[in-house]
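The residues making up each chain are set out below.
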Amino acid sequence: MGQDKARGPYAKTPARKAEIVRAARDSFAENGYANASLRDIAERAGITHAGLLHHFRNKEELLTEVLAERDAKEWQQGLEEVDSPDQLAPYLGELMRHHQKAPELMRLWIELAAAASRPDHPAHAYFVERYERGRTQFAEGIQEKAERSRLREGISPESAAVLFHAVLNGLQLQWVLDQDLDIVGPVTDFVGLLFDQRTDE
């Protein structure tokens, strides 16, 4: 019985942190990062301000967690839905449309990524690791599925992985600046440029 009591508060921690992250995501999306307050986020999560600070030290740490959670979900979804270059363009187009439904989060991601370029930034290590992991997994995915021969001649899987992230990030930055800009068409065109769509008879 004593063991159960000791374990109780800690067993709730992951669920409580998930509730706080969801509340923060909603607050950032509705109010913008600058106007969102930790007290509002705590109220949305059903805890006290002090209780929130027990899990997250500040708003910037919460923003990093919100965006990291989005990254993780989207990466897992991509692994499940994309098995060949033919499926990549439709998936990316749908991903872009999904991001466009939450422009504030897209803007916050871009701002945080730029700020995290400073080595002393709290999110620096996360973004370095994120891009390293993304490039490695994208390149390995091409090789493991025997699709390397479908890359345009002269493009390596490693180069394709760098281009992939550069195009996605660049298109979203341009859209944040001009929300009338079509970014779904260009990302589809990019995949067509990256892979040779010809099939052998």
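Residues numbered from 1 in each chain as written. Predicted model: local features only at pLDDT ≥ 70, side-chain atom pairs only at ≥ 80, totals over all residues. Heavy atoms only, no water.

1. Thoughts on the layout of surface pockets
Here is the rule: Cavity and pocket criteria rest on a 1 Å grid covering protein atoms alone: a 1.4 Å probe that fits but cannot get out defines a cavity, protein on both sides within 12 Å along at least 5 of 7 lines defines an open pocket, and an atom within 4 Å of a point defines a lining residue. Grid points are joined across faces, edges and corners, and a volume is the space filled by probe spheres set on the points. The way it works is that DSSP assigns letters per residue, a run of H or I at least four long becomes a helix, a run of E at least two long becomes a strand, and they are numbered from the N terminus. When residues are grouped by polarity, Ala, Val, Leu, Ile, Met, Phe, Trp, Tyr, Cys and Pro land in nonpolar, Asp, Glu, Lys and Arg in charged, and all others, Gly among them, in polar.
Size it by volume and the largest pocket reaches roughly 840 Å³. Lining the largest pocket are 38 residues, with W75, G78, Y91, F138 and F164 sitting closest to its centre. The set of elements that each furnish at least two residues to the lining of the largest pocket consists of α5 (59–81), α6 (85–100), α7 (103–115), α8 (124–144) and α9 (157–177). When residues of the lining of the largest pocket are assigned to their parent elements, the largest contribution, nine residues, is made by α8. Among the residues making up the lining of the largest pocket, the classes are represented as 19 nonpolar, nine polar and 10 charged. Lining the second largest pocket are R25, V66, E69, R70, K73, E74, Q77, L95, H98, H99, A102 and L105. A per-element tally of the lining of the second largest pocket places α5 first, with six residues. In terms of residue class, the lining of the second largest pocket is built from four nonpolar, three polar and five charged.

2. Topic: the packing of helix α2 (residues 13–31) against α7
Selection criterion: Note on geometry: axes are C-alpha line fits, over the in-contact stretch for helices, and angles between N-to-C directions span 0 to 180 degrees. Put simply, angles under 35 degrees are roughly parallel, angles over 145 are roughly antiparallel, angles from 65 to 115 are roughly perpendicular, and the rest are oblique. Note on contacts: a residue pair qualifies if any of its non-hydrogen atoms lie within 4.5 Å across the two residues.
At a closest axis distance of 8 Å, the pairing of α2 and α7 adopts a crossing angle of 100°. On the basis of the axis angle, α2 is roughly perpendicular to α7. For the pair α2 and α7, contact is made by R25, F28 and A29 and by E104, L105 and L108, respectively. Of the residues belonging to the contact of α2 with α7, the class tally is four nonpolar, no polar and two charged.

3. Remarks on the nonpolar core
Filter applied, for reference: We call a set of buried residues a nonpolar core when its members are Ala, Val, Leu, Ile, Met, Phe, Trp, Tyr or Cys and they connect through side-chain atoms within 4.5 Å of each other. Three labels apply to residues, based on accessible area from a 1.4 Å probe with only protein chains included: buried if under 20% of the type maximum, exposed if over 50%, partly exposed otherwise in between.
Residues I20, F28, I41, L52, L62, L88 and L92 are the most contacted members of the largest nonpolar core, which totals 52 residues. Secondary-structure elements contributing two or more residues to this core are α2, α3 (38–45), α5, α6, α7, α8, α9 and α10 (184–194). At seven residues, α9 tops the list of elements feeding residues into this core.

4. Looking at the environment of D196
Positionally, D196 belongs in the segment after α10. In sequence terms D196 and P85 are 111 residues apart; their C-alpha atoms lie 9.3 Å from each other. Apart from residues no more than four positions distant in its own chain, D196 is found in contact with R150, L151 and R152.

5. A look at α10
Our working definition: Within this analysis, the arc is defined by the directions that extend from the helix axis to the C-beta atoms.
Along α10, the positions that sit buried rather than exposed are V184, V187, F190, V191 and L194. The buried residues of α10 all sit within an arc of 120° when viewed along its axis, so they share a single face. Turned more than 90 degrees away from the buried face of α10, the exposed residues are D189 and L193. Where α10 is buried, its residues meet α6 and α9.

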